[in-house]
Amino acid sequence: MNLKPTNDKGFIASNGRAGFGSQQYQLLKLDSGGNEQWHRYVNMTECINVIQTADSGFLAVGNLGQQFYSWIKMDKLGNTVWEDTLYSNPWGLGPASAVAAIELPDSNYLIACQLGSPNLFKLSHLTGDTIWSRTYSLAPSGFLVLNNGHYILNNVSNFWEINTNGDTLSNIYIPAYYYAWSLIKCSDNGFAYTGYSYLGTSKKFILVKTDSLGYAQYTSVFDFPDDYQTTFCYPNPANNALQINTNLFGSEKSILVTLTNMQGSIVHQQAYNRSEEH
């Protein structure tokens, strides 16, 4: 289940397929106490991401089968406003899918896609029609909006700045043997990303703080426990620190939370079982 907070202090969740082989994916709206308010089935094999929009509705993105991107705009009650499914020209590496979405200052939407082309779309918020689309040699897995209205796209091996038309302005490569999973903006207009380094048999967690141009200011390296696979980076406004959340896909199904200060030193670290409430 992918769970996100909503502006009414409740939650929206993409909750899995209606059944084995189904092309219907369930979205679930919960109140602040976790009680169901409504659920809807949308025409997707998999819903990868769902965001709340400024009109209190929702935008869900994912795939339909192996070869089609899918996105659906809903109102605040989960009723479909518009939807679209586009052939993805898949690269043959797995199911092509829309993986991330944001609402832009002009109210339109930016959608990043993987394993197909084009792999970045700007959509009209009114109709879902494509305003423009772009194909990059490395597909973006996420993005940030900069103060100047430009965007930063990122994937595991680099991140790059584009303008409002999707044209590449600069390209900063992540060092060899580094793989980045998560990128955030920092209060000093720089960035931080987390992931891992993999050189030979040595695998380590990394946290890299960069300046506003993407050049590294410092790198922190942590031991990599067995079976930990992915890592996510979150800002912590309370003490201007960064949090790394790593998911374990072994038998324990646990989560390791590491809190660091802005110099990359560990402040606190604790592991949780996924069955616990936090």
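Below: a short report on this structure. (Residues numbered from 1 in each chain as written. Predicted model: local features only at pLDDT ≥ 70, side-chain atom pairs only at ≥ 80, totals over all residues. Heavy atoms only, no water.)

Here we come to the side chain of Lys122. Structurally, the position occupied by Lys122 is in strand E11 (residues 120-123). When its relative accessible area of 9% is taken as the criterion, Lys122 is described as buried. Setting aside anything within four residues of it in sequence, one finds Lys122 in contact with Leu104, Asp106, Asn108, Tyr109, Leu110, Asp129, Thr130, Ile131, Trp132 and Thr164. (Helix = DSSP H or I, 4+ residues; strand = E, 2+ residues; numbered from the N terminus. Buried < 20%, exposed > 50% of the residue type's maximum accessible area, 1.4 Å probe, protein only. Contact = heavy atoms within 4.5 Å.)

A word on the pairing of strand E12 (residues 130-134). Sheet analysis places E11 next to E12, joined by four bridges and oriented antiparallel. In the sheet register, Leu123 faces E12, and the bridge partner there is Thr130. Where E11 folds back on E12, the antiparallel hairpin that results is connected by six residues, among which Gly128 adopts a positive phi of roughly 80°. (Pairing = 2+ DSSP bridges.)

Along the chain, Ser202 falls in strand E19 (residues 202-210). Residue Ser202 is classed as partly exposed on the basis of its relative accessible area, which comes to 35%. Along the chain, Ser202 and Asp223 lie 21 residues apart, while their C-alpha atoms are 9.4 Å from each other.

Here the structure, examined in full by the defined rule, presents nine aromatic pairs. Pairing Phe68 with Tyr87 gives two aromatic rings, centres 5.7 Å apart and planes at 70°, and the pair type is edge-to-face. With a gap of 19 residues between them, Phe68 in strand E7 (residues 68-74) and Tyr87 in strand E8 (residues 80-87) connect regions that are remote in the sequence. Under the relative-accessibility criterion, Phe68 is labelled partly exposed at 31%. For Tyr87, a relative accessible area of 48% puts it in the partly exposed group. Aromatic ring contacts, followed pair by pair, group Tyr69, Trp71 and Phe121 into a single cluster. (Phe/Tyr/Trp six-rings, centres within 6.5 Å; stacked < 30°, edge-to-face > 60°.)

Burial of strand E6 (residues 58-64) is extensive: six of the seven residues sit out of reach of the surface. When strand E5 (residues 46-52) meets E6, the two strands line up antiparallel, connected through six bridges. Bridged to Asn49 within E6 is Val61. Joining the antiparallel neighbours E5 and E6 is a turn of five residues, in which Ser56 adopts a positive phi near 70°. Inspection of the sheet shows E6 paired to E7 by seven bridges, in the antiparallel sense. Its bridge partner lying in E7, Gly62 is registered against Ser70. What sits between E6 and E7 in their antiparallel hairpin is a turn of three residues, with Gly65 showing a positive phi close to 75°.

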